[in-house]
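What the coordinates show
These are the residues of each chain, in order.
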Amino acid sequence: MSKDDYWKKKLSKEQYHILREKGTEQPFTGEYNDHFIEGAFHCVACDALLFESNKKFNAGCGWPSFSDMAKSENIIFKEDTSLASVRTEVLCGKCHGHLGHVFDDGPTETGKRYCINSICLKFKPYTRSD
Ligand SMILES: [Zn+2]
């Protein structure tokens, strides 16, 4: 089975389009855009830990926004010249799925704004052992 066939089987049509064909979901439509519960955001395709709720903020742009990644080895960056301006693409470090873009206009001390498609994420609330 080719890699494309593998992902076509594993992902929904929209997930495939965004993760594997670098699509973008419509703003303000994603499940996690307006979602502020404590927990971790994993890659929907391969389950890698990508972001955590303590770095999530409301950027008002219509997509889940984070000021930093959870684990640097789970994120890779790539220069994206598909539009007139050069942007930095954010990909999952494990499965190389397209997640979104990162911008240098973040409001927190990191100065970063990770603008991530909600559909690429799977939220897991923190569990307590007690
Ligand atoms: Zn992944």
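Because the structure is a prediction, the values reported are computed rather than measured. (Residues numbered from 1 in each chain as written. Predicted model: local features only at pLDDT ≥ 70, side-chain atom pairs only at ≥ 80, totals over all residues. Heavy atoms only, no water.)

Comments concerning the layout of surface pockets
- In this structure, the largest pocket encloses a volume near 170 Å³.
- Taken together, Gly-23, Thr-24, Trp-63, Arg-87, His-98, Gly-100, His-101, Phe-103, Arg-113, Cys-115, Ile-116 and Asn-117 make up the lining of the largest pocket.
- Elements with a minimum of two residues in the lining of the largest pocket: strand E7 (98-103) and strand E8 (113-116).
- Looking at the lining of the largest pocket, the element that brings in the most residues is E7, giving 4 residues.
- Along the lines of polarity and charge, the residues of the lining of the largest pocket split into 4 nonpolar, 6 polar and 2 charged. (1 Å grid on protein atoms, 1.4 Å probe; cavity = no way out; pocket = protein on both sides within 12 Å on 5 of 7 lines; lining within 4 Å. Points joined across faces, edges and corners; volume = space filled by probe spheres on them. Helix = DSSP H or I, 4+ residues; strand = E, 2+ residues; numbered from the N terminus. Nonpolar A, V, L, I, M, F, W, Y, C, P; charged D, E, K, R; others polar.)

Considerations on the nonpolar core
- Formed by 26 residues in total, the largest nonpolar core has its most connected members in Leu-50, Phe-51, Leu-99, Tyr-114, Ile-116 and Leu-121.
- Here this core gets 3 residues from one element, more than from any other, and that element is helix H2 (residues 13-21).
- Sequence-distant contacts of Tyr-114, defined by excluding residues within four places in its chain, comprise Phe-51, Pro-64, Ser-65, Phe-66, Ser-67, Asp-68, Met-69, Phe-77, Val-90, His-101 and Val-102. (Core = buried A, V, L, I, M, F, W, Y, C linked by side-chain atoms within 4.5 Å. Buried < 20%, exposed > 50% of the residue type's maximum accessible area, 1.4 Å probe, protein only. Contact = heavy atoms within 4.5 Å.)

As for the pattern of salt bridges
- Using the criterion set out here, one finds 6 salt bridges in the structure.
- We note a salt bridge from Asp-47 to Lys-122, for which the minimum N-O separation is 3.2 Å. Here Asp-47 is found in the loop between strand E1 (39-43) and strand E2 (49-52), whereas its partner Lys-122 is found in strand E9 (residues 121-125), with 75 residues between them in sequence.
- Among the residues examined, Lys-122 registers a relative accessible area of 31% and is labelled partly exposed. (Salt bridge = Lys/Arg side-chain N within 4 Å of Asp/Glu carboxyl O.)

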